[in-house]
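Structure at a glance
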Amino acid sequence: MSQILKPPRQVFWTRGRIKATLFQAGFIVCLVLLVWFIFSNTLANISNQGIASGFGFLEKRAGFDVALSFIPFTSDSTYARAFWVAVVNTLVLSGLGIVLATILGFSLGLARVSKNWLIARLATVYIETFRNIPLLLQMFFWYFAILRPLPSPRDSVEFGAGFFLNNRGLSMPRPLFETGSSWVFAVLFVGFVFAFYMARRALRIRKETGHGVKVIHWWLLGLVIAPAATWFLVDASMGLSVPVLTGFNFRGGMVVLPEMLAALLALSFYISAAVGEIVRAGIQGVDHGQTEAAEALGHSRKDLMRLIVIPQAMLIIIPPLTTQYLSLAKNTSLAAAIAFPEVISIVAGSTLTQTGQAVETIALAMVFYIAVSLAIAGVMNYLNYRVMRQRV
Amino acid sequence: MKKKMILSFTSVAAAMMVAGIGSAQASTLEEVQDRGYLQCGVSPGVAGFSNPDDDGNWSGFDVDFCRAVSAAIFNDADAVRYTPLSNTERFTAVQSGEVDVLSRTTTRTLNRDTALGLNFGQVMFYDGQGFMVRKDSGINSALDLDGASVCTSSGSTTELNLADYFNENDMSYLPVRFDRADEVLAAYDGMRCDVYTSDLSGLAARRLVMNDPSEHKILPETISKEPLAPAVRHGDDQWSDIINWVSHALIGAEEHGVTAENVERMKSEGSVSVRRMLGATNDTTGEWLGLTNDWAAQAIGAVGNYGEMFERHVGPNTPLGIERGLNALYTDGGMQYAMPIK
């Protein structure tokens, strides 16, 4: 019975790695075929029905106007220009929303873990309210909450200094930069970079030697003194365009549209509730021993949070925070429902119907959202990498 | 292992199935007949044109056209399923075959007729774009609107006309654009805008559902031509013919005094051309369209003639109170004129 049992010869394609590769290759081939089929079928159907296709329409005259644009746009501009207007509007809304949601969210998170009963409860009520109501509903709420109670332009609420609030938005003076202001801006920029560098240097010195270096005077020099000196040196002048009530509405100055205001409030309040919970989880996720150790070393409650807990909490906070930022950027699309001229409203709305090229316009909108999402994810991953590295 | 294999087989099978569906193409009429009902794209609630009641039954001028087509095909005016479509959805719905016919206050333009792949039928309603303002605003002419905030629906000829009109008259304005008509209305009613612009028929319909209709008025200017016509997609001439000739039958019925009530009697008592239209002679008008010979009689029996449709839903005796105007028969100084059915 000393016969050695030879294992049965294995057919080569059933071997683990080869098998896996074969299946994966097969899957990819199927996927490519499917996509190719859908693509070619769509094109064939479109050309069968004589529907225009391709991106040539981007060079054509759009013919419609847009309420809000940060780049020059008239009805004579092209669809491509309208696309960029929509992109900039969406980015501005997302950017402001992210900043606001972050500030609000971190405050909420800290309030949630506060020892003050009232503050902690208020934060809980806020979070439970805002994250449990659908965002679209909140958009409508803010839109009509802003519109309904506000007076018409003729009976505007006047704050003085050229600020007026009415149901056409918030009108305010707009500075007009005239002679020499480019110098002032250049100096301001250089001053900022310089002060930033000095602050980084101070941080490094503290890390290496443990000695703190004051930097407030560098910031003062860079941001205030140097630009002001330049102002007088080149004798710059600045005008002011003040809003004046003419006919229906205010002319001159600049205006924050109620659509912008409502969209911004809805987005940042909604996302800040989620951010608040993430921050709370992050703070509570830091080992309690850390807090006890810091207390034993005699850190104040403020320093304990600032120097010990939050830096470690960031490790936990950043990855889910990325998701919230992504969600905010994508949720700007809901602002189309309250007439905010963003990508869905202009590209997948007006442009789509005027040109009838649904496939192309929706593809454009999709590419935009993917690009924005990847950009946000990229920045946040970099941040995450920095925080991780600091820890080691 | 087994799971994976099943997965890849199913994906191949799915791809093949999709391919199979893509290659089979029946005529629209056959498709509709096989399906047993007509898919009709309508407005999502415009009083007088297409509006669902409390029980979800649609009625209105545009809806009646769908009912007429359904009656012509099935001898049954109720074999219709309605798809409410917003401005931005409507053309894609026709192009993709989601609806067989779009009967939805849609303006016929060159661009839509060609690049958007649509074929328009007979104009069912000659309309134009106007402006509605609050009576207490003190505005009496569209030329007073410099600087106004204007509420409008996105994705319609409206927003283009608006830009052109304000440009030509050297006026500025702020467009506040919503996808859905009820949102436009809510914003205008919520004082967001000084003006609501749309087709005049649409303005008349929307004014009815305002908090207080008597607070609003429509300015005298009409700034555009809006010939509203049903539309089908390119590539099926027979189907396009059916849509066209149902319109002609409805208008022709009014010309000849055929009504829903007297249509059966007219089959024997009418003139030769009436009897031919109603399929009571041995002409084969129905066969040429791929329908039965009494297609026109069925359509008229279901919804009445063009005049009856108009009076029932949008005419002077309805809440909308729209005069016949351009929509009167050519014999009464209007533009509605039926092609001879022979």
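Residues numbered from 1 in each chain as written. Chains lettered and ligands numbered in written order. Predicted model: local features only at pLDDT ≥ 70, side-chain atom pairs only at ≥ 80, totals over all residues.

Positionally, Ile271 of chain A belongs in helix H7 (residues 258-285). On a C-alpha basis, the gap between Ile271 of chain A and Arg131 of chain A in space is 7.5 Å, while along the polypeptide they are 140 residues apart. (Helix = DSSP H or I, 4+ residues; strand = E, 2+ residues; numbered from the N terminus.)

The next thing to look at is the sheet that holds strand S2 (residues 163-166) of chain A. Residue and element names in this part refer to chain A. Pairing in this open sheet of four strands is antiparallel, and the strands run S1-S2-S3-S8 from one edge to the other. Lying at the two open borders of the sheet, with one neighbouring strand each, are strand S1 (157-160) and strand S8 (254-256). The sheet shows a mean angle of 20° between the axes of neighbouring strands, direction not considered. Across three bridges, the pairing between S2 and strand S3 (residues 169-172) is antiparallel. Paired with Asn166 across the bridge in S3 is Gly169. (Pairing = 2+ DSSP bridges. Axes fitted to C-alpha atoms, helices over the stretch in contact; angles between N-to-C directions.)

Time to look at the environment of Val213 of chain A. Residue and element names in this part refer to chain A. Examined against the element boundaries, Val213 turns out to sit in the loop between helix H5 (181-209) and helix H6 (216-234). Sequence separation between Val213 and Asp65 is 148 residues, and the spatial gap between their C-alpha atoms is 54 Å. Residues within four places of Val213 in sequence aside, it is in contact with Ala202, Ile205 and Arg206. (Contact = placed C-beta atoms within 7 Å.)

With 41 residues of chain A at the contact, the number on the chain B side is 43 residues. Contributions of two or more residues to the side of chain A that touches chain B are made by helix H1 (16-48), helix H4 (135-147), strand S7 (249-251) and helix H10 (343-355) of chain A. Grouping the amino acids of the side of chain A that touches chain B by side-chain chemistry returns 19 nonpolar, 18 polar and four charged. (Nonpolar A, V, L, I, M, F, W, Y, C, P; charged D, E, K, R; others polar.)

Let us look at the sheet that holds strand S10 (residues 173-178) of chain B. Residue and element names in this part refer to chain B. Taken together, the five strands give an open sheet; going across it, the order is S10-S9-S11-S8-S12, and neighbouring strands pair in mixed fashion. Whereas interior strands pair on both sides, the edge strands pair on one side only; in this sheet they are S10 and strand S12 (216-218). Across the sheet, the axes of successive neighbouring strands diverge by a mean angle of 30°, strand direction being ignored. Where strand S8 (residues 129-134) and strand S11 (residues 195-199) come together, five bridges link them in antiparallel fashion.

Before going further, it helps to spend a moment on the environment of Asn262 of chain B. All names here are of chain B. Tracing the backbone shows Asn262 in the loop between helix H9 (237-255) and helix H10 (263-269). A residue is classified by how many C-beta atoms lie within 10 Å of it, and Asn262, with 15 of them, is partly exposed. Separated by 42 residues in sequence, Asn262 and Gly304 have C-alpha atoms that sit 9.5 Å apart. (Buried ≥ 20, exposed ≤ 12 C-beta atoms within 10 Å, placed from the backbone.)

It is worth spelling out unusual backbone geometry at this point. Here Ala161 of chain A, not a glycine, exhibits a phi torsion of approximately 55°, which is positive. A positive phi angle, near 30°, is found at Thr105 of chain B, a position not held by glycine. Mapping Thr105 of chain B onto the fold places it in the loop between strand S5 (101-102) and helix H5 (110-113). Look at Thr105 of chain B and you get buried, because 27 C-beta atoms sit within 10 Å.

Residues and elements named next belong to chain B. The domain boundaries assigned to chain B delineate domain 1 (28-126 + 228-332) and domain 2 (129-224). On a C-alpha basis, the centroid separation for the pair domain 1 and domain 2 is 29 Å. Tallying the contact residues gives 17 residues for domain 1 and 16 residues for domain 2. Its residues assigned to classes, the side of domain 1 that touches domain 2 shows eight nonpolar, nine polar and no charged. (Domains from an automatic or database assignment.)

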